[in-house]
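# Breakdown of the fold
The chain contents come next:
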Amino acid sequence: MINVQRLRLLRELSFLGTISAVADSMGLTRPAVSQQLSQLEKDTGLVLVERAGRTVRLTGAGIRLVEQSHEVFESLERIDAEIAVTKNSISGDIRISAFPSFSATVLPTAMALLRGSHSRLKVHMVEHEPAEAIIDLMAKRADVAILDNLSDQDPRNEAVFYQPLFADDFYVVMSEQHPYRKLDTVPLAHLASEDWALNRSARIYHTSIVDACLAEGFRPNITCDCKDTTTVLQMLRAGLAISVLPGLALIGRHTGLVVRPLDLALRREVLFATLKGRANHPAILECFRAMRSSYARRVQPGLQGFADSQSTEHPFDPDSTAN
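Residues numbered from 1 in each chain as written. Predicted model: local features only at pLDDT ≥ 70, side-chain atom pairs only at ≥ 80, totals over all residues. Heavy atoms only, no water.

### Notes on the packing of aromatic side chains
This structure, assessed with the given rule, holds five aromatic pairs. Here the aromatic rings of Phe102 and Phe166 are separated by 6.3 Å at their centres, their planes lie at 5°, and the arrangement is stacked. A residue pair is termed long-range when its members are at least 10 positions apart, and Phe102 in helix α5 (residues 100–117) and Phe166 in strand β6 (residues 160–175) qualify at 64 residues. As far as the burial class goes, Phe102 and Phe166 line up, both buried. A ring pair is formed by Phe166 and Tyr295, whose centres lie 4.0 Å apart and whose planes are at 10°; its orientation type is stacked. In this pair, Phe166 sits in strand β6 while Tyr295 sits in helix α9 (residues 282–303), placing the two residues 129 residues apart along the sequence. Residue classification places Tyr295 among the buried positions, given a relative accessible area of 2%. (Phe/Tyr/Trp six-rings, centres within 6.5 Å; stacked < 30°, edge-to-face > 60°. Helix = DSSP H or I, 4+ residues; strand = E, 2+ residues; numbered from the N terminus. Buried < 20%, exposed > 50% of the residue type's maximum accessible area, 1.4 Å probe, protein only.)

### Quick look at the side chain of Asp143
Considering the arrangement of structural elements, one finds Asp143 in the loop between α6 (130–138) and β5 (144–148). Classification of Asp143 by relative accessible area gives buried; the value is 6%.

### Some thoughts on the packing of α5 against α9
The contact between α5 and α9 brings their axes to 8 Å, and the two run at 120°. Classified by the angle their axes make, α5 and α9 are oblique. The handedness of the crossing between α5 and α9 is right-handed. Only Glu286, Cys287, Ala290, Met291, Ser293, Ser294, Tyr295, Arg297, Arg298 and Val299 of α9 make contact with α5, whose side of the interface consists of Phe102, Ala104, Thr105, Val106, Leu107, Thr109, Ala110, Leu113 and Leu114. Looking at the contact of α5 with α9 residue by residue, the class counts come to 12 nonpolar, four polar and three charged. (Axes fitted to C-alpha atoms, helices over the stretch in contact; angles between N-to-C directions. Parallel < 35°, antiparallel > 145°, perpendicular 65-115°, else oblique. Left-handed = near helix turned anticlockwise from the far one by under 90°. Contact = heavy atoms within 4.5 Å. Nonpolar A, V, L, I, M, F, W, Y, C, P; charged D, E, K, R; others polar.)

### Quick word on α9
For α9, spanning 22 residues, the distance from its first C-alpha to its last is 31 Å, which sits close to the expected 32 Å at 1.5 Å a residue. Taking the largest bend as the criterion, α9 deviates by roughly 35°, centred on Ala296. (Expected span 1.5 Å × (residues − 1). Bend = angle between axes of the 7 residues up to and from the residue.)

### Digging into a nonpolar patch on the surface
Residues Val4, Val72, Leu76, Ile79 and Ile83 make up a contiguous nonpolar surface patch of about 390 Å² in total accessible area. With four residues, helix α4 (residues 60–87) is the largest single contributor of residues to the nonpolar patch. (Patch = residues over 30% accessible without salt bridge, like charges linked within 9 Å, V, L, I, M, F, W, Y side chains within 5 Å. Areas by Shrake-Rupley, 256 points an atom, 1.4 Å probe, with all protein chains shown as cover. Salt bridge = Lys/Arg side-chain N within 4 Å of Asp/Glu carboxyl O.)

Okay, here's the thing in C-alpha cells:
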C-alpha cells in the first residue's frame, strides 16, 4: 500500500516546484524529502521525479499519480471535517492567505468577529497576491485563500472549492481639481490622453487594467510606476496622474480624491477558496460567514457614493462546484 505521507510530499512538489520548498513547507530537511520520494518510487516501481538542470520535475507517471491523489486527500479532509461536525466544536487553528486590499478592509473585522464568537479558534493571516495564496492553500500553509477572477484559475486545482464572496467594482480616481470630477461616470476611453499611476506589484490587477485600456483602443501612459497603492494615491492627490482602482483599495483612503464610476462594467469577483474536502468544516463555514458579515459592515458603507448599485450577495453553498 502506498504511504500517504510520501504521496503528500510528491503532491507538495507538484505545487511548490522544488524539494527545498517542500522541505520548508513540511518542516523536514531536504535530504529527508529526497529520501522519502526515492522510497515512494521503490514502493510504486515507477520513476516519479527527474532532474531538470539544477532542479527536479515530475515525470508523466508522477503527474498522473498526483492527479489520482486528489481524491485521496479530499477524502481525508472530508473525514476531518466530519469529525469536527460530530464534536460540534469550533476550535483549533485556521490560516488565511489574502491579497492586501482584502487584508486591510474585510479581514480585520472578520478576524475580530471570529475571535469574539469562538474563543478556542485561533486565526492566523498572511498577505499574498492570489497566485501565491493558491499555492499556500495547496501546500497546506493556509486553510483559506482569498483570490479574484481577474486571471484564470489553474485547471489542475481540481481539489479546490471556489465560492464567490462579493463583486468589487473598479473606479476612476483623480485629484479634486481634475476636470472629470464634474462627470457622473467617466468613459475609460476619455483617459487615453491622461498620465496614469498604477501599482505594478499587484501583477494581475496591473495586467487587467492595461488589457481593459487596450480593448478601448489605447495603452495607458504610465508616468507613475509605483510599488504600492499608497504611493499611487499620493500621486493622484498631487494631481500628477489619474488611476483606475478597485473599491477595496479605496475604503477609508479616498480623502482628498474624487472617485467616479466607469461607464463600463469593470469588476472583479472576490473568491473564497478552500480544499473541497474542508468546505463543510465548521471553522471554514464560520470563516466565510465572518467575511461576508465584515464586508456588509465595513466595506459596503464605505462604498456609498461610489456607485448606485451594490454587488449581489452569494450564499455559501458547500455543495456548489463553482470555480
